[in-house]
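# Breakdown of the fold
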2 protein chains.
Amino acid sequence: MPAEKQLGQRAQRKAQRPQEILEAAFEEFVERGYVATRVEDVARRVGVTKGTIYFYFETKERLFEEMIRHISVPFSDISANAKNLSGSYSERIRMFIRLLYDRIVMDRNTRELLRFVLTEGSRFPQVVDRHHEEFIVPFKAAARDILEAGVAAGEFRDGPVIKIPDAAIGATMMLSVWQMLFADRKPQDVEAFFEAHVDVILNGLIAKG
Amino acid sequence: MPAEKQLGQRAQRKAQRPQEILEAAFEEFVERGYVATRVEDVARRVGVTKGTIYFYFETKERLFEEMIRHISVPFSDISANAKNLSGSYSERIRMFIRLLYDRIVMDRNTRELLRFVLTEGSRFPQVVDRHHEEFIVPFKAAARDILEAGVAAGEFRDGPVIKIPDAAIGATMMLSVWQMLFADRKPQDVEAFFEAHVDVILNGLIAKG
DNA sequence: TATTATTGACTGACTGACTAGTCAATGAAA
DNA sequence: TTTCATTGACTAGTCAGTCAGTCAATAATA
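The following paragraphs examine the structure supplied in this document.

Quick look at the packing of helix α6 (residues 89-106) of chain B against helix α7 (residues 108-120) of chain B now. Residue and element names in this part refer to chain B. Between α6 and α7, the least distance of the axes is 5 Å, while the angle of their chain directions is 65°. On α7, the residues that touch Arg103, Ile104, Val105 and Met106 of α6 are Arg108, Thr110 and Arg111. A class-by-class count of the residues in the contact of α6 with α7 yields three nonpolar, one polar and three charged.

Each of the two copies of the chain can be brought onto the other by a rotation about an axis and a shift along it. Rotating chain B by 180° about the axis while translating it 0.0 Å along that axis superimposes it on chain A, leaving an RMSD of 0.1 Å. Classification of the inter-copy transformation places it as that of a two-fold axis. No C-alpha of chain B lies nearer the rotation axis than that of glycine 204 of chain B, which sits 1.7 Å from it. Same-surface contact between copies: 100% of interface residues of chain B are shared with the interface of chain A.

Here we take up the protein's contact with DNA strand D. For DNA strand D, the set of nearby residues contains 19 residues, the closest of which are Thr52, Phe55 and Tyr56 of chain A together with Gln9 and Lys50 of chain B. Considering DNA strand D, the proportion of its atoms within 4 Å of the protein that are sugar or phosphate atoms stands at 71%. Within the side chain of lysine 14 of chain A, one N or O atom sits 3.0 Å away from a phosphate oxygen of DNA strand D. In this structure, a phosphate oxygen belonging to DNA strand D sits 2.8 Å away from a main-chain N or O atom of lysine 60 of chain B. Secondary-structure elements contributing two or more residues to the surface near DNA strand D are α1 (9-36) and α3 (50-56) of chain A together with α1 (9-36) and α3 (50-56) of chain B. Examining the composition of the surface near DNA strand D, we find that four residues originate from one element, α3 of chain A, more than from any other. Here the surface near DNA strand D is composed, by residue class, of five nonpolar, seven polar and seven charged.

Further remarks concern the interface of chain B and chain A. With 56 residues of chain B at the interface, the matching set in chain A holds 57 residues. When chain B packs against chain A, close to 5,300 Å² is buried across both sides, 71% of that on carbon and sulfur atoms. If you sort the residues of chain B by the area they bury against chain A, Leu118, Arg157 and Leu205 of chain B come out on top, with a joint share of 15%. Counting across the chain B and chain A interface gives four salt bridges. In this structure, arginine 185 of chain A and aspartate 129 of chain B form a salt bridge, with 2.5 Å as the shortest nitrogen-oxygen distance. Here chain B is connected to chain A by 18 residue pairs in polar contact (both at pLDDT 80 or more). Elements with a contribution of two residues or more to the side of chain B that touches chain A: α1, α7, α8 (125-152), α9 (166-169), α10 (171-182) and α11 (190-203) of chain B. The residue makeup of the side of chain B that touches chain A, split by class, is 32 nonpolar, eleven polar and 13 charged.

This next bit is on the protein's contact with DNA strand C. Around DNA strand C sit 19 residues, and of these Arg38 and Lys50 of chain A together with Thr52, Phe55 and Tyr56 of chain B come closest. Taking lysine 60 of chain A, its main chain carries an N or O atom lying 2.9 Å from a phosphate oxygen of DNA strand C. Those elements that place two or more of their residues in the surface near DNA strand C are α1 and α3 of chain A together with α1 and α3 of chain B. For the surface near DNA strand C, the element with the most residues is α3 of chain B, which contributes four residues.

In terms of nonpolar packing, the biggest core is built from 142 residues, with Met67 and Phe96 of chain A together with Leu63, Met67 and Phe96 of chain B touching the most fellow members. Those residues in contact with phenylalanine 96 of chain A that lie beyond four places of it in its chain are Ile78, Ala82, Leu85, Phe139, Ala142, Ala143, Ile146 and Ile169 of chain A.

On inspection of all chains with the given rule, the structure shows 24 aromatic pairs over all chains. Judged by centre distance (6.3 Å) and plane angle (75°), the ring pair of phenylalanine 26 of chain A and phenylalanine 116 of chain A falls under edge-to-face. One end of the pair, phenylalanine 26 of chain A, is in helix α1; the other, phenylalanine 116 of chain A, is in helix α7 (residues 108-120), with 90 residues separating them in the sequence. With relative accessibility at 4%, the residue phenylalanine 116 of chain A sits in the buried group. Ring geometry for tyrosine 89 of chain A against phenylalanine 156 of chain A: centres 6.4 Å apart, planes inclined by 70°, an arrangement best described as edge-to-face. Taken together, the residues tyrosine 89 of chain A in helix α6 (residues 89-106) and phenylalanine 156 of chain A in the loop between α8 (125-152) and α9 (166-169) connect sequence positions 67 residues apart. Since its relative accessible area comes to 3%, phenylalanine 156 of chain A is described here as buried. Each residue in the set Phe26, Phe29, Tyr34, Phe64, Phe116 and Phe124 of chain A is aromatic and connected to the rest through ring pairs, giving one cluster. For lysine 60 of chain A, the ring lying beneath its charged end belongs to tyrosine 34 of chain A, and the centroid distance is 4.6 Å. Over the ring of tyrosine 89 of chain B we find arginine 92 of chain B; its NZ or CZ atom is 4.3 Å from the centre of that ring.

What follows is about the environment of arginine 185 of chain A. Tracing the backbone through its elements, the reader meets arginine 185 of chain A in the loop between α10 (171-182) and α11 (190-203). Excluding anything up to four places from it in sequence, arginine 185 of chain A contacts Pro125, Val128 and Asp129 of chain B. Here aspartate 129 of chain B takes part through its side chain, which lies 2.5 Å from a polar atom of the side chain of arginine 185 of chain A.

What follows covers the pattern of salt bridges. A complete count under the given rule lists 39 salt bridges over all chains for this structure. Among the ionic pairs, glutamate 31 of chain A bridges to arginine 32 of chain A, the shortest N-O distance being 3.7 Å. For glutamate 31 of chain A, a relative accessible area of 46% puts it in the partly exposed group. Relative accessible area serves as the criterion here: at 35%, arginine 32 of chain A is assigned to the partly exposed category. Put simply, arginine 38 of chain B and aspartate 41 of chain B hold a salt bridge, and the shortest N to O gap is 2.8 Å. The network of salt bridges with common partners includes Glu28, Glu31, Arg32, Arg38, Asp41, Arg44 and Arg45 of chain B.

Criteria and thresholds
Residues numbered from 1 in each chain as written. Chains lettered and ligands numbered in written order. Predicted model: local features only at pLDDT ≥ 70, side-chain atom pairs only at ≥ 80, totals over all residues. Heavy atoms only, no water. Axes fitted to C-alpha atoms, helices over the stretch in contact; angles between N-to-C directions. Helix = DSSP H or I, 4+ residues; strand = E, 2+ residues; numbered from the N terminus. Contact = heavy atoms within 4.5 Å. Nonpolar A, V, L, I, M, F, W, Y, C, P; charged D, E, K, R; others polar. Least-squares fit on C-alpha atoms with pLDDT ≥ 70 in both. Near = heavy atom within 4 Å. Polar contact = N/O pair within 3.5 Å; in protein donor to acceptor, adjacent residues only side chain to side chain. Buried area = accessible area lost by both parts, 1.4 Å probe. Salt bridge = Lys/Arg side-chain N within 4 Å of Asp/Glu carboxyl O. Core = buried A, V, L, I, M, F, W, Y, C linked by side-chain atoms within 4.5 Å. Buried < 20%, exposed > 50% of the residue type's maximum accessible area, 1.4 Å probe, protein only. Phe/Tyr/Trp six-rings, centres within 6.5 Å; stacked < 30°, edge-to-face > 60°. Lys NZ or Arg CZ within 6 Å of the ring centre and 35° of its normal.

Right, here's the structure in full:
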């Protein structure tokens, strides 16, 4: 019943501005990195002047931090998804790694977020901390849950990797890094990499008697 | 018989300077990144003034590129080492991954080189290209050699991973990245990670009948 | 050996270009 | 008419790169 508050043109614009600016900031920071990006570049991309940016964001650092927050979609949904997986534990692992590929390797925002954490982390330690809390911790927990359940069900071997699930799943990171670095000049076959990765961690290299 | 050419103090200094400068540049660029490092910072660390840097290096970009070249020890030695491995193929894989850990994860220069490639790669595409030629290509080739020989010997299963060895070995990258990001605040147990990694790719997760 | 001339590594003040952040003025919406 | 999001000229500071000048080390000469 409470009708959408009718906003004037002015108020609409004002309500939109921060998002427009944050998205422009993302593109510019991706292209040039934090230091080399001028606040004016962001402004020009939005189609306003520098003053407008400072009307909405206190400093360039604030702008960067808010941009990071804006593109971050925490992994809590991955944990949630991981809990809902069904089928054999091999299938669950396969689907879990598929989720990771879709997020870390294929999703541009998440990929660039990782790059920001790597490249600007020393300037923004809070960003690194938050990334650890929101991505790494849930990721490890979800992976360990599946592996432990798989062992309990008798489908997986018990072994050191159950306590250190990243050692099994980490090849995702290599693909992600190589996508970052070489995606344009040496395209990777992501599907083939994915299949090889799942195959080797499920079956191992050693031929079975 | 040809005695060491006796160099005067002056000539000795001049011969030493470039290395001193490159090592100081490495430290400064590691601390602050390319853009935020001032040429004067590098000079101060050496104990000279800015002019001296420009006496030896044309521009700041040149200084950075030469610094990268100075700390790069190509992986060709890894390929050579890989060829000399002996024992069962499981043991060879184990030793090969150990070599990678020693280089990528533990060796500061190589670790920071990877960081530079990631962080400054867009500014220095030649650096990225060279890294691909000198590190990635030899690395893949050496890994594939071992895997294929292992299959030929009947010790390893044939499977998609034989053609894409990075899918087996890539967890190294995750550890490396996490060392870069969280080494100070959340220390990793590198040895445990290594053991878990080798265990899972050799034996896989699935329990054997 | 003692004295003088020359070299060249090194200096540091300077220029020019660039940019984060400010704020008084503007003009379109309400 | 009032409000306020927006402008853009301005300040204050930074830093890459320059270059005329310095002086200690070396070479040449007496």
